[in-house]
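Summary of the model geometry
The lines below spell out each chain.
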Amino acid sequence: MAYGSFREFLDRLETEGELIRISQPVATELEITVLADQQMKAPDGGKALLIERPTVNGAVSSVPLAINTMGSWRRMAMALNAESVDQVAAELGGLLKAKPPMSVREAIRLLGQALDLRHARPRAVRDGPCKEVVHRFDPPPRRTEPWPKAPDILCDPDSARSAPLPTLLDLPILKCWPLDAGRFITLPCVVTRDPDTGERNVGMYRMQVYDAHTTGMHWQLQKVAARHGRRYYEKGARMPVAVFLGGDPVYTFAATAPLPDGLDEFLLAGYLRKRSVELVRCETIDLEVPADADFVLEGYVDPCEPLREEGPFGDHTGYYSLPEPYPVFHITAITHRKDAIYPATIVGLPPMEDFYLGSASVKLFLPVLKMNFPEIVDMALPAEGVFHNLVFVSIKKSYPMQAYKIMHGLWGMGQMMFTKYIIVVDDHVNVHNTREVLFHLCANTDPQRDCLFTRGPADVLDHATPEIGIGTKLGIDATRKLPGEGFKRPWPPLIQMDPAVQERIKSLLPR
Ligand SMILES: Cc1cc2nc3c(=O)[nH]c(=O)nc-3n(C[C@H](O)[C@H](O)[C@H](O)COP(=O)(O)O)c2cc1C
């Protein structure tokens, strides 16, 4: 059964021994980070935390905060309403195998069809729990002057009290790391629409709180909402944006999933929860959000308004991302459940909760990749590579230079464009065991012959590239070399035990 609310999911986590309640007051400024980081670094992702009395500028917030709710394979599977993430991947893969596609375009179309098959289509409803409390705000006049440097709201302990209730300043929004520019909403599901086609997108882009009704909108250059924003800019029209938090956790996962532009994340969510997502229309803008969400922030981005400095922010790269100009989000309404819980995460030095979100996407979309590259056996994005910096891929190689075909193919697939390092190994190598991959990398390569440098788009958060958003990539062919690849020497056998001897010795040992 799909979860009816975020609270229901947390109840399940608690019943299954996956959640710890913290009843003492804990500060949203840096303190919750310490607790959450301890759990995220614990074996198998520790536990989820429900901070019942988070404090904001010293005052206890009436809204509890939940963190690390998807930060383990078990909790990730529970969020997807499944026994295991592998089970979901196998099911999705089975659907896609019904009729093999002949091209990437066909694979994407087929993925859309597969998601359509069952409960995927969202359903419009007139009302929902996310509107139990509704507050509207007057939109401010359009700004033409450049924005001043973002104030650190933590320096103004009275700010929460001077604003009419409730505003962003009443929510237990985290200041995650010491040098962060302020508070950041870290698990927002951002809904936008393509002004030309009407296609919806739900993406996760962090939001820096500037004041009671204004935030940054950190959609990066290559993301779908940024493309929508450019079209609104060309049209000179205000861009409606709805942000929701909470509800069935599967929405949060879907917002992070690298779906192709044009494929609605609510289809994926509906398919995964085996129940249509019920969507309710916003109060002040022409967009829909899940009726069971905990919080909804309605508003707009004015593409004609000057961009505003966003950051620094302690990022998933393990470093602070430095201030950069981003669009400003103006809030026209906040609606919420009466018993809302604020969902949050922190990112930083790996491993963190986002490792499981990213890795679940890899598992789910591996069948799609395999349809286009049938030689791919498995793929892993180790936590040390903070999402997409490092990819290990194993292939069943049957012709010369096949590893290079895979490198080029992966760099050309959606957000895999951000991958800095791709290491290709043979099919028998377990890509989820970094030690095993490094062994084969060292053993099977001649650096000059087996390395490929190329250029391409880079993650804008990558501080090491010489220019923002562009960089070089390195592919390493760590597969066994074939004569057709110019390798003329005999390839020695890998040392392995004799299985029969192993079995015999096993039977001799006491049980
Ligand atoms: C916790 C978390 C925070 C994220 N923050 C951002 C962000 O601030 N900006 C961004 O562009 N992508 C961010 N991402 C990655 C995007 O959510 C991801 O690339 C997603 O696929 C984008 O959706 P889109 O392809 O519909 O644009 C974040 C992911 C996670 C898990």
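Every value quoted in this text rests on a predicted model; they were computed, and no experiment measured them. (Residues numbered from 1 in each chain as written. Predicted model: local features only at pLDDT ≥ 70, side-chain atom pairs only at ≥ 80, totals over all residues.)

1. Describing the overall build of the protein
Scanning the protein from terminus to terminus reveals 14 helices and 28 strands. Here the protein has a C-alpha radius of gyration of 24 Å; the compact-globule value for 511 residues is 24 Å, and the two agree. With the C-alpha coordinates of the protein rotated into their principal frame, the extents come out at 75 × 60 × 45 Å. Taken across its 511 residues, the protein has 46% of its residues classed as buried. Considering only contacts within the protein whose residues lie at least 6 apart along the sequence, 69% involve residues at least 24 apart. (Helix = DSSP H or I, 4+ residues; strand = E, 2+ residues; numbered from the N terminus. Rg over C-alpha atoms; globule rule 2.2 N^0.38 Å. Buried ≥ 20, exposed ≤ 12 C-beta atoms within 10 Å, placed from the backbone. Contact = placed C-beta atoms within 7 Å.)

2. Some points on the sheet that holds strand S2 (residues 26–27)
Strand order in the open sheet formed by three strands is S2-S4-S5, and the pairing between neighbours is mixed. Taken across any chain shown, the strands that pair with only one partner, and hence form the sheet edges, are S2 and strand S5 (59–60). Relative to S5, strand S4 (residues 54–56) runs antiparallel, the two being bridged by two bridges. Each residue of the ladder has a partner; that of Val56, found in S5, is Ala59. (Pairing = 2+ DSSP bridges.)

3. So, the domain arrangement of the protein
Domain parsing of the protein yields domain 1 (85–344) and domain 2 (373–485). Measuring from the centre of the C-alpha atoms in domain 1 to the corresponding centre in domain 2 gives 31 Å. Tallying the contact residues gives eleven residues for domain 1 and ten residues for domain 2. In the side of domain 1 that touches domain 2, the residues fall into four nonpolar, six polar and one charged. (Domains from an automatic or database assignment. Nonpolar A, V, L, I, M, F, W, Y, C, P; charged D, E, K, R; others polar.)

4. Points about the sheet that holds strand S26 (residues 421–426)
The strand order across the open sheet built from five strands is S24-S25-S26-S28-S27, with neighbouring strands paired in mixed fashion. Of all strands in the sheet, those bounded by a partner on one side alone are strand S24 (376–380) and strand S27 (451–457). Between one strand and the next, the sheet's axes are offset by a mean angle of 20°, whatever the strand orientation. The strands touched by helix H12 (residues 434–444) are strand S25 (390–395), S26 and strand S28 (470–477); relative to S26, the strand with the most contacts, the crossing angle is about 85°. (Axes fitted to C-alpha atoms, helices over the stretch in contact; angles between N-to-C directions.)

5. A short note on the packing of helix H8 (residues 249–256) against helix H9 (residues 265–273)
Interhelical geometry of H8 versus H9 gives an angle of 135° and a closest axis separation of 9 Å. The angle between H8 and H9 places the two elements in the oblique class. Note on packing geometry: the crossing formed by H8 with H9 is right-handed. Mapping the contact onto sequence places Val250, Tyr251, Ala254 and Ala255 in H8 and Glu265, Leu268, Ala269, Leu272 and Arg273 in H9. (Parallel < 35°, antiparallel > 145°, perpendicular 65-115°, else oblique. Left-handed = near helix turned anticlockwise from the far one by under 90°.)

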